[in-house]
Amino acid sequence: MKNTTKKQPVHEIRIGALKAAIWQNETTNGIRHSVTFARSYKDGETWKSTSSFGRNDMLPLGKLANEAHTWIITQEAKKPATK
């Protein structure tokens, strides 16, 4: 049977309808992180997600980016130093 487990973010941060998902990627140079941003909205009775943002999303989006950056830097500081 094929393993269909979907990769999950290592951390998520939410501000209102906006979400930052932080992903961990193993590389030949060690662990690297990337971030995706999304906005949730309701279409009738169905919740959907988009990566399109309006004017009123800009400030919260900037705050999400700042919080994601802080989380990543904190995680990297916990790693032992390599020579």
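Up top is the structure these notes are about.
We now turn to the structure provided with this report. Computed from a prediction, not measured in an experiment: that's the story for all the values here. Throughout this document, residue positions are counted from 1 along each chain, in the order its sequence is written. The predicted nature of this model means local features are confined to residues of pLDDT at least 70 and side-chain atom pairs, given and counted, to a pLDDT of 80 or more, with totals for whole chains, interfaces and linings taken over all residues. Water and hydrogen atoms were dropped before computing side-chain values, which therefore reflect all heavy atoms in the structure.

### With respect to the overall build of the protein chain
Within the protein chain, the secondary structure is distributed over one helix and four strands. Where helices and strands are cited, they refer to DSSP runs of H or I of at least four residues and of E of at least two residues respectively, numbered from the N terminus. Starting at the N terminus, the α and β elements of the protein chain follow one another as β-β-β-β-α. For the radius of gyration, the atoms used are the C-alpha atoms, and the globule rule reads 2.2 Å times the number of residues raised to 0.38. For the protein chain, the C-alpha radius of gyration of 16 Å lies well beyond 12 Å, the compact-globule estimate for 83 residues. C-alpha extents for the protein chain along the principal axes are approximately 55 × 45 × 15 Å. Exposure is judged per residue with a 1.4 Å probe applied to protein chains only, and the accessible area is read against the type maximum: over 50% gives exposed, under 20% gives buried, and values in between give partly exposed. Evaluated residue by residue, the protein chain yields a buried proportion of 18% over its 83 residues. Residue contacts follow a heavy-atom distance rule, with two residues in contact if any of their heavy atoms lie within 4.5 Å. Put simply, of all contacts in the protein chain between residues at least 6 apart along the chain, 30% involve residues at least 24 apart. A total accessible area of about 6,600 Å² is found for the protein chain, and carbon and sulfur atoms account for 53% of it. Taking the 14 positively charged and 7 negatively charged side chains of the protein chain as two groups, their mean positions are separated by 5 Å. Using the Shrake-Rupley algorithm and a 1.4 Å probe, accessible areas are obtained, with residue cover drawn only from the displayed protein chains. In this tally, Asp and Glu contribute negative charge and Lys and Arg positive charge; neither His nor the terminal groups of the chain are included. All charge positions are set by atom: Lys at NZ, Arg at CZ, Asp at CG, Glu at CD.

### A look at the sheet that holds strand β3 (residues 30-43)
When DSSP finds two or more bridges between a pair of strands, those strands are recorded as paired. Spatial ordering of the open sheet is given by β1-β2-β3-β4, a layout of four strands whose pairing is antiparallel. Each edge of the sheet is formed by a strand with only one pairing partner; in this case those strands are β1 (11-15) and β4 (46-50). Averaged over all neighbouring strand pairs, the angle between strand axes comes to 30 degrees, with direction disregarded. As paired strands, β3 and β4 are joined by five bridges and run antiparallel to one another. Of the residues in β4, the one forming a bridge with Asp-43 is Thr-46. All axes are obtained by fitting lines to C-alpha atoms, using only the stretch in contact for helices, and the reported angles, taken between N-to-C directions, cover 0 to 180 degrees. In the packing of helix α1 (residues 58-78) onto the sheet, the strands contacted are β1, β2 (18-27) and β3, and the crossing angle to β1 comes to about 155 degrees.

### Regarding the pairing of β2
With five bridges connecting them, β1 and β2 associate as antiparallel partners. Directly across from Glu-12, in β2, lies its bridge partner Ala-21. The loop that links β1 with its antiparallel partner β2 comprises two residues; one of these, Gly-16, has a positive phi angle of about 60 degrees. Taken together, the 10 bridges between β2 and β3 define a ladder with antiparallel strand orientation. In the sheet register, Asn-25 faces β3, and the bridge partner there is Arg-32.

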